[in-house]
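Below are the chains, spelled out letter by letter.
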Amino acid sequence: MELIWLIPLVPLAGFLLNGLFGKSFSKPVINTIACGTVAVSFLLSLNAFFGLLRLAPESRSVEYILFSWIPSGSFNADVGFLLDPLSAVMILVVSGVGFLIHVYSVGYMAHDEGYARFFTYLNLFMASMLILVLANNFVLMYVGWEGVGLCSYLLIGFWYEKRSATDAGKKAFIVNRIGDFGFALGIMLLFWTIGSVHFSTVFDLAPQQLAYGGGIVTAATLLLFLGAVGKSAQVPLYVWLPDAMEGPTPVSALIHAATMVTAGVYMVARCNVLYMMAPTTLLVVAVVSMFTAFYAATIGLFQNDIKRVLAYSTISQLGYMFVACGVAAFGAGIFHLMTHAFFKALLFLGAGSVIHAMSGEQDMRRMGGLKSKLPVTYTTMLVATLAISGIPLFSGFFSKDEILWQAFSSPFGSPLLWVVGLLTAGLTAFYMFRLIYLTFFGQRRYDDHVASHLHESPKVMTVPLMILAVLSVIGGYIGLPKALLGGAWFEHFLHPVFAKGAEIGKLAEGAGESHATEYVLMLAAVAFVVLMIFTAKRYYLDHAKDSEQFEHGFGGLYKVVYNKYYIDELYDKIIVNPLVKGSNLLWQKFDVLIIDGFFNGAAWLAGQWAISMRKLQTGMVRSYAFVFLGGAIFVIGYLILSR
Amino acid sequence: MVPLEYYLIVAGIIFTIGMIGVIFARNIIIIFMAIELMLNAANLAMIAFSRNLGSMGGHVMVFMIMTVAAAEAAVGLSIIIALFRNRDSANIDEVNLMKW
Amino acid sequence: MLEFVLITVVKAVVVVTVLLLTCAWMTYAERKILARMQSRIGPNVAGWKGLLQPVADLVKLLFKEEVIPGGAQRALYLLAPLLAFIPAMLPIAMIPFGNKITLFGREINLVIANYDNGLLFILAVASLSVYGIVMAGWSANSKYSLLGGLRSSAQMISYEIGIGMSLIGIVLLAGTLNLVDIVGQQNVWYKWFIFRQPVGFLLYFVCAIAETNRAPFDLPEAESELVAGYFTEYSSMRFGLFFVGEYANMVTVATVATTLFLGGWQGPFLPPVLWFIIKAVAVLFIYIWMRASLPRFRYDQLMKFGWYVVIPLALANILVTALVDLL
Amino acid sequence: MELAIFILTSLVAIVAALLVILQRNPIASVMYLVTTFVAQAILFIQLRAAFIAILQVIVYAGAIMVLFLFVIMLLNLRREDFGKDIKLKYKPLAIAFAVVLLIETLVVINASMIPAQPGADLPATFGSVQGVGRELFTTYLYPFELTSVLLIVAILGAVVMAKKKL
């Protein structure tokens, strides 16, 4: 466990190796370095995890300080790493899923020009993400936070010859910046009021120094949540994530589904003590995220781009996680984060496999009937779809149901949240099965040219799919709720991290309604989901001809939803355009006239002054000596007279 | 017994003479000699103080000053030689390129 | 006080007179010895065996017309011979030429000044002797003089360092700069510093020859190249002053060598003063002998020899002496 | 007696110093400077600094000034080598400055409360070679060693500056 500092540093070494010498390495060397370093990280993470298990539950928090980074007066930030159940789960998910996606990329990117560059970025991302989750203070976490943002930007714009890709990269970067701004302000506010950026110090001192529900803690948590909103693509800062699908599919799977976008959830969970002190913030979190979940799900309904459907689904599922946090069920949020990482990564990789097979085609309307051609991809994607839809016995069912139950029963929850959550779950099932039916069932709608290239992906891609499929099934069982005869082991494991927050919020572990209520709610959810699946089957498989009619049957609503509520256009109109115009105005008037004029004027003045002063420098040694003498006389005279 | 003040006055006069020489001489070599005069005036004051205080520190100081003077003469004179070789003049007023 | 002054003045007058007479008859001796070595007779007209030759020379010099070349810098030109002559006379004041004697009931030290820093004084005065030569060379407004003066100043600066360094070995061993004490430490013949500092003696002798501008280091006055070097333009008694100054320098060097390396006045049977004179004359004889036998160095050889051989050897000598003394 | 010698030597020193800067012939300047140095050496002996006095003669008169002479002769600098006299515009002001400096010096000397000289109770080694040597090699060993570095640097600098081609 003393080796935890190596976990982020090994991929960093891989980044440096590939980044500096990648051009001269052959592809096998590059991918050995890239995958190898991540594998080492994963093994170290496993080692750390089991090391943690060997400890008593109360003492499962290990800090390892590598060196003092910014010692400056009262401000002190270390490069230090914190290993506790929460970060242990995160590093396992990040390095594990990350490793699988690295392996998958070896196949997916095999013929790409920027092979070395791609793996360099991926390794840098792994290092940043692991720093983010392992950091023991806000500042180091911010380093990782910005690092993953940078990698996200680099990887979205990976195919930089494509205008849309670079635009999407910029969009992601700029939108994220808004959130990061809030995050940074939140850190500063915390340091200002508490005097430390160190997690354990902050969380120890916050309950004593800040008033429960007071303005400062509310403001700080809201600012931190702003950061989470940006990074985790919640309303209103979600707009970058769908565009981020311009990046290579493994990137979408790794960064924009499984790991980076969940950083916000992780951060909120990490700061659970603060959030529990600010009920107002919790309400905001719950409402915003539940709205996001529902809203993104509705957009997802009628998208035709296979990756966009998944993107909106991701936004929606992230909303779910935040709902859990908003109702103070952080454990459930992290649980869903983990299962989601499995099945959403699987879905994206599967979609990537499909796209790969279809020679880059992403429009579902030109697919269909791929089931027999891509059997492995189909099977694994079906497993993932079942999981995300919340079909019992699959992992998604347990985590999603846990969230819904908490939304209903938690002191911070309400039946209304449950209803919206239920609707969202139904919509999720609907669009996911729409995706499955359109892609794998029905008649083929692709041309012969595509058909001639159609092939199942190589082993290097399908094996990670299968592993993820297995995880998507069994991943839920570690958190089997008590109502289903499980031990809720996952929540027990995480409990030490959230105990303090729970204490503040006066939550009793395992309290709540009777199991009977839980069963009823569970059944209702399953029933609704199954109903929605059949609806999807009705319109997209059995009577595929009706689908267009069905979609247009919603009239104006369909059009609005199809166009994503015109949010991008709205942002363009009310934010981007005025900003551009205002900037132009400032540039032409203020910048050129006033600022440039000021500096040019200052330079001119200095020049004139210099021209007049340089006459003093005659080059005549004797006059220098004369001035020297005068100065000496003056000083001596002054000393004499002032005595 | 000659009082200390007398020696200091002599030193002061010689120093001033050296100062005037530095300012007025056009010949670089004369300027150098004037600087040596000033150094020597300082030496005299040092020795006088040393005698007055009964401490040998002043003697050591003079020793150091002589070293500096020797080093200065060596380097300075070689500069003069280089200068003369390039400009064919030892007039300090003609060495005035080091200006704006 | 008065008595001390009186005794000192008497000593000084006697010593300077003896020195001048020595210088005068040195010229005779040199000519005679050189002549013998070259199978000639030498001066033999004035007086018995030509012994009055120096007197004749003196009279001739005194009655010659004094010529001052045009364009000469008069003041410096007239001053230069004195500047060459006086420093040559001064070191003799520090040389002890005999033991204490009792005269008219008073104990008298046979040394003009028993000074603690005597050796340093000699070096200091020797360092001033270059001025006369440089002045003479510069002020005469003649290219032979100027070249002679330049050569001389460079040569003297170079070899002055060698002289000083070659004597440090003695200072290290004797632990004093007082010449009387140094002589006192050489009371037995095997304690003479020539035996304890052979390298030092050799270096001193070589440097001294160079300092006095004698053959084979007589570059500044090399007749075949520069006519007579720095005093080419001089005539009459001023020329004589240079001449005497040069011989006085030789005598001084010989007496210093006697005092420092050859045990000074110490010796058995004979009176101390006689011993002193014998040793000094022996050294002077070697001088003349060398002039008769050795060809002149080339100027670059001279400077190279000074900087590349004499000074490093002298440094090594100091080092070895210090080490041996330490053990 | 002592005072008479002092007055005489200091007068010689001052007059010679004046002549150093008033002479237009550099060789004559050098000679006057040597005179000043020797006169100062006598003052040093009066102040019981025998070693320093002899050093003054050896180093200043015997070495440094010979170097000056040598350079003057090497370059064959004569009066006409100094070109036209470019007037210093503020000559009167400079003289006034010098006078003020002198007055200031005298004022400072006059105003200082200098204690009476300790008489004959100076140690026997005061100012002797032994005394100065002991100070140099004990208290001031470090600066003394540094002077050797300074001299080496000066020699190298002189060689580099003066050589036409290295």
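Preceding block: the structure.
Computed from a predicted structure; not experimentally measured.

Caption draft 1: Broad picture of the overall build of chain A. Per the secondary structure count, chain A includes 26 helices and two strands. Every one of the 643 residues in chain A was classed for burial, and the buried ones make up 56%. Counting contacts in chain A only where the partners sit at least 6 residues apart, residues at least 24 apart contribute 80% of the total. Entry remark: accessible area of chain A is about 25,900 Å², with carbon and sulfur atoms responsible for 69%.

Caption draft 2: Just helix α21 (residues 489-504) of chain A, in detail. All names here are of chain A. Helix length check: α21, at 16 residues, gives a terminal C-alpha distance of 23 Å against a target of 22 Å (1.5 Å per residue), a fit within 8%. The sharpest bend along α21 measures roughly 65 degrees and falls at P496. Taken together, the buried positions of α21 are occupied by F490, F493, L494, V497, F498, G501, A502 and I504. Where α21 is buried, its residues meet α2 (27-53), α3 (85-108), α7 (199-209), α11 (263-270), α12 (272-276) and α15 (330-357). The first or second residue beyond α21 is K506, which carries a positive phi of 55 degrees.

Caption draft 3: Molecular detail of the interface of chain A and chain D. Each side of the interface is counted separately: chain A has 10 residues, and chain D has 13 residues. Of the roughly 1,100 Å² buried between chain A and chain D on both sides combined, carbon and sulfur atoms contribute 80%. Considering only the surface of chain A that becomes buried against chain D, R622(A), F626(A) and I633(A) emerge as the three largest contributors, covering 49% of it. Linking chain A with chain D are zero salt bridges, by the criterion used here. If you look at where chain A meets chain D, you find one residue pair in polar contact (both at pLDDT 80 or more). Considered class by class, the residues forming the side of chain A that touches chain D number five nonpolar, three polar and two charged.

Caption draft 4: Just the packing of aromatic side chains, in detail. Enumeration over the complete set of coordinates arrives at 48 aromatic pairs over all chains. The interplanar angle of 50 degrees and the centroid separation of 4.9 Å between the aromatic rings of Y153(A) and F173(A) together place this pair among those described as tilted. Taken together, the positions of Y153(A) in helix α5 (residues 138-156) and F173(A) in helix α6 (residues 163-194) put the pair 20 residues apart, joining distant regions of the chain. Judged by its relative accessible area of 32%, Y153(A) is partly exposed. Ring geometry for W192(C) and F195(C): centres 6.5 Å apart, planes at 15 degrees, overall stacked. Assessed through its relative accessible area of 48%, F195(C) is described here as partly exposed. Aromatic rings pair up to connect Y115(A), F118(A), F119(A), Y121(A), F158(A) and W159(A) into one cluster. Over the ring of F158(A) we find R117(A), and its NZ or CZ is 4.3 Å from the ring centre.

Caption draft 5: Main features of a nonpolar patch on the surface. Residues and elements named next belong to chain C. The grouping of L21, W25, W48, L51, L52, V55, L58, V59, L62 and F63 at the surface amounts to a nonpolar patch, some 1,000 Å² of accessible area in total. The set of elements that each furnish at least two residues to the nonpolar patch consists of α1 (2-37) and α2 (53-63). In terms of residues, the nonpolar patch owes the most to one element, α2, which gives five residues. Relative to the assigned elements, V59 resides in helix α2. Among the residues examined, V59 registers a relative accessible area of 42% and is labelled partly exposed.

Caption draft 6: A look at the pattern of salt bridges. Residue and element names in this part refer to chain A. Going through the model one piece at a time under the given rule, you end up with 16 salt bridges over all chains. One salt bridge connects D243 with K171, and the closest N-O pair in it is separated by 2.9 Å. Linking D243 in helix α9 (residues 240-243) with K171 in helix α6, this pair joins segments that are 72 residues apart in sequence. Measuring nitrogen to oxygen at the nearest pair gives 2.6 Å for the salt bridge that ties R444 to D448. Here the salt bridges do not stand alone but share partners, grouping K171, D243, R308 and D568 into one network.

Caption draft 7: Quick peek at the nonpolar core. Judged by nonpolar contacts, the single largest core of 217 residues is most densely connected at F138(A) and Y238(A). Looking at this core, the element that brings in the most residues is α15(A), giving 18 residues. In this structure F138(A) touches I187(A), L190(A), V197(A), F199(A), V202(A), F203(A), L224(A) and C271(A), once residues within four positions along its chain are discounted. If you look at the next biggest cluster of nonpolar residues, it comprises 176 residues, including A13(D), A41(D), L101(D) and F144(D).

Caption draft 8: Focus on the interface of chain B and chain D. Contacts between the two partners involve 72 residues from chain B and, on the opposite side, 82 residues from chain D. Carbon and sulfur atoms make up 80% of the area that chain B and chain D hide from each other, which totals about 6,800 Å². Connecting chain B to chain D are zero salt bridges. If you look at where chain B meets chain D, you find two residue pairs in polar contact (both at pLDDT 80 or more). Where the side of chain B that touches chain D is concerned, the elements lending two or more residues are α1 (4-24), α2 (28-53) and α3 (57-87) of chain B. Broken down by element, the residue count for the side of chain B that touches chain D peaks at 24 residues, all from α3(B). Among the residues forming the side of chain B that touches chain D, the class breakdown is 49 nonpolar, 16 polar and seven charged.

Caption draft 9: Spatial organisation of the pairing of strand β1 (residues 62-72) of chain A. Residue and element names in this part refer to chain A. The pairing of β1 with strand β2 (residues 75-83) spans nine bridges and is classified as antiparallel. When the bridges of β2 are listed, S72 appears paired with F75. Taking the residues that link successive antiparallel strands as the turn, the β1-β2 hairpin has two residues, and the phi of G73 there is positive, at about 60 degrees.

Caption draft 10: Spatial organisation of the side chain of S166(C). All names here are of chain C. Within the fold, S166 resides in helix α5 (residues 143-174). Of note is the side chain of S166, whose polar atom sits 2.8 Å from the backbone oxygen of I163. Not counting residues up to four positions away in its chain, the partners in contact with S166 are G200, L203, Y204, A314 and N317.

Caption draft 11: Region of interest: unusual backbone geometry. In this structure, P236(A) follows V235(A) across a cis peptide bond, with omega equal to 5 degrees. Structurally, P236(A) is set in the loop between α8 (215-231) and α9. Look at A233(A): it is not a glycine, yet its phi comes out positive at around 55 degrees. For A233(A), the position within the fold is in the loop between α8 and α9. Overall, A233(A) belongs to the buried group, its relative accessible area being 0%. For R48(D), which is not glycine, the phi torsion reads 60 degrees and is therefore positive. Summarising the element assignment, R48(D) is placed in the loop between α2 (26-46) and α3 (50-75).

Caption draft 12: Molecular detail of the packing of α1(C) against α2(C). All names here are of chain C. Orientation of α1 relative to α2, taken along the N-to-C sense of each, is 115 degrees, at an axis distance of 8 Å. Like other packed secondary-structure pairs, α1 and α2 cross with a definite hand, here right-handed. Residues A24, W25, T27, Y28 and R31 of α1 touch α2, and the partners they reach there are Q53, P54, V55 and D57. Considering only residue class, the contact of α1 with α2 consists of five nonpolar, two polar and two charged.

Rules and cut-offs
- Residues numbered from 1 in each chain as written.
- Chains lettered and ligands numbered in written order.
- Predicted model: local features only at pLDDT ≥ 70, side-chain atom pairs only at ≥ 80, totals over all residues.
- Heavy atoms only, no water.
- Helix = DSSP H or I, 4+ residues; strand = E, 2+ residues; numbered from the N terminus.
- Buried < 20%, exposed > 50% of the residue type's maximum accessible area, 1.4 Å probe, protein only.
- Contact = heavy atoms within 4.5 Å.
- Areas by Shrake-Rupley, 256 points an atom, 1.4 Å probe, with all protein chains shown as cover.
- Expected span 1.5 Å × (residues − 1).
- Bend = angle between axes of the 7 residues up to and from the residue.
- Buried area = accessible area lost by both parts, 1.4 Å probe.
- Salt bridge = Lys/Arg side-chain N within 4 Å of Asp/Glu carboxyl O.
- Polar contact = N/O pair within 3.5 Å; in protein donor to acceptor, adjacent residues only side chain to side chain.
- Nonpolar A, V, L, I, M, F, W, Y, C, P; charged D, E, K, R; others polar.
- Phe/Tyr/Trp six-rings, centres within 6.5 Å; stacked < 30°, edge-to-face > 60°.
- Lys NZ or Arg CZ within 6 Å of the ring centre and 35° of its normal.
- Patch = residues over 30% accessible without salt bridge, like charges linked within 9 Å, V, L, I, M, F, W, Y side chains within 5 Å.
- Core = buried A, V, L, I, M, F, W, Y, C linked by side-chain atoms within 4.5 Å.
- Pairing = 2+ DSSP bridges.
- Axes fitted to C-alpha atoms, helices over the stretch in contact; angles between N-to-C directions.
- Left-handed = near helix turned anticlockwise from the far one by under 90°.

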